[in-house]
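Below, each chain spelled out in residue letters.
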Amino acid sequence: MPKSKRNRPVTLSKTKKKPGLERKGKVVTEIKQAVEQYSSAYVFTYDNMRNQKLKDLREQLKSSSRIFLAGKKVMQIALGRSPADEAKTGLHKLSKFLQGDSGLLITNLPRDDVERLFREFEEHDFARTGTTATETVELKEGPLEQFTHEMEPFLRKQGLPVRLNRGVVELVADHVVCEEGKPLSPEAAQTLRLLGIQMATFRLYLVCRWSCDDFEVYKEGLTHLGAHDSS
């Protein structure tokens, strides 16, 4: 008589947890601990995220705050998505704002300090492919003395109509690198970097704030969050 598959023994010690699940579980635990440790929590959104700049901000705030940029569902689970499963009273109200490009700041900083920090935070950087150009950049015919002669083949690959004239890189015709309001091509993004022109600004916007006795929504941040969702 064949053995029933249902009775086949399973050695649980050999089953391994998926690394992704362990990581998510760790984030949930860290958010729950931060909520207990700190007095208020904010949802924020951002433009032109730069990981190193965010790392610097984390370091700046490490004595008073925690910043989380994790999966939206993971952060929602940690906070609670309804009054029945929220970590603290009213905290679930933050969850519905965790959408699109958003993160969590959990902090002991006074409200005015947080609002000023976000209002003043601004880091400029080179724009990446697909970023909307903030201005039209046009190069005029003539020598490009900021570039060495070794750069001529590379510049030609970026679409610039160049040649070498007595060892000097020369533009043989006017050339529009990018147009205001249009997305940057890979070649345009690279050329702007070579020219030292920064068109990206990493900014943060508060979307909403929670404390034990208060909850509020920030109109400007909500508008930016909606713009990200619709894009």
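Cut-offs applied
- Residues numbered from 1 in each chain as written.
- Predicted model: local features only at pLDDT ≥ 70, side-chain atom pairs only at ≥ 80, totals over all residues.
- Heavy atoms only, no water.
- UniProt positions renumbered as here; feature names shortened; annotations may be inferred.
- Phe/Tyr/Trp six-rings, centres within 6.5 Å; stacked < 30°, edge-to-face > 60°.
- Helix = DSSP H or I, 4+ residues; strand = E, 2+ residues; numbered from the N terminus.
- Buried < 20%, exposed > 50% of the residue type's maximum accessible area, 1.4 Å probe, protein only.
- pLDDT = per-residue confidence, 0-100.
- Contact = heavy atoms within 4.5 Å.
- Pairing = 2+ DSSP bridges.
- Arc of directions from axis to C-beta.
- Core = buried A, V, L, I, M, F, W, Y, C linked by side-chain atoms within 4.5 Å.

- In the annotation of an unreviewed UniProt entry, the protein chain is listed under the name Ribosome assembly factor mrt4 and assigned to Urochloa decumbens.
- Per UniProt, the protein chain has the following entry under Sequence similarities (unreviewed entry): "Belongs to the universal ribosomal protein uL10 family."
- UniProt annotates the protein chain under Subunit (unreviewed entry) with the comment "Associates with the pre-60S ribosomal particle."

Observations regarding the packing of aromatic side chains
Phase 1 of the analysis: Throughout the structure, instances matching the rule amount to 3 aromatic pairs.
Phase 2 of the analysis: The interplanar angle of 35° and the centroid separation of 6.2 Å between the aromatic rings of Phe97 and Phe215 together place this pair among those described as tilted. Linking Phe97 in the loop between α3 (72-79) and β3 (102-107) with Phe215 in strand β11 (residues 214-217), this pair joins segments that are 118 residues apart in sequence.
Phase 3 of the analysis: In this structure Phe215 comes out as partly exposed when scored by relative accessible area, which is 23%.
Phase 4 of the analysis: Aromatic side chains Phe121 and Phe202 sit 5.2 Å apart centroid to centroid with 85° between the ring planes, which places their arrangement in the edge-to-face category. A residue pair is termed long-range when its members are at least 10 positions apart, and Phe121 in the loop between α4 (111-120) and β4 (123-125) and Phe202 in strand β10 (residues 200-211) qualify at 81 residues.
Phase 5 of the analysis: In this structure Phe202 comes out as buried when scored by relative accessible area, which is 1%.

Overview of the confidence of the model for the protein chain
Phase 1 of the analysis: For the protein chain, the average pLDDT comes to 87, and 89% of its residues sit at 70 or higher.
Phase 2 of the analysis: Considering only residues more than four positions removed or in separate chains, one finds that residues 1-5, a stretch of pLDDT under 50, has 0 contacts.

So, the sheet that holds strand β6 (residues 142-143)
Phase 1 of the analysis: Pairing is antiparallel across the open sheet formed by 3 strands, whose spatial order is β6-β8-β7. Where the open sheet ends on each side, the last strands, each with one partner, are β6 and β7 (162-165).
Phase 2 of the analysis: Pairing between β6 and strand β8 (residues 168-171): 2 bridges, direction antiparallel. Within β8, the residue paired with Gly142 across the bridge is Leu171.

Examining helix α2 (residues 51-61)
Phase 1 of the analysis: For α2, the set of buried residues is Leu54, Leu57 and Leu61. Buried residues along α2 cover an arc of 55° about the axis, so they all sit on one side.

Observations regarding the nonpolar core
Nonpolar side chains in soluble globular proteins tend to be buried together.
Phase 1 of the analysis: The biggest cluster of nonpolar side chains holds 23 residues, and the ones touching the most others in it are Ile31, Val43, Leu79, Leu94, Leu104 and Ile106.
Phase 2 of the analysis: Of all the secondary structure elements, the ones that give two or more residues to this core are α1 (19-37), β1 (40-47), α3, β3 and β10.
Phase 3 of the analysis: Looking at this core element by element, the count peaks at 5 residues for α1.
Phase 4 of the analysis: Those residues within four positions of Leu79 in sequence are excluded, and the remaining contacts are Ile31, Val35, Asp85, Glu86, Ala87, Leu91, His92, Leu94, Ser95, Leu98 and Leu104.
Phase 5 of the analysis: Judged by nonpolar contacts, the second largest core, of 18 residues, contains Leu139, Leu155, Cys178 and Leu184.

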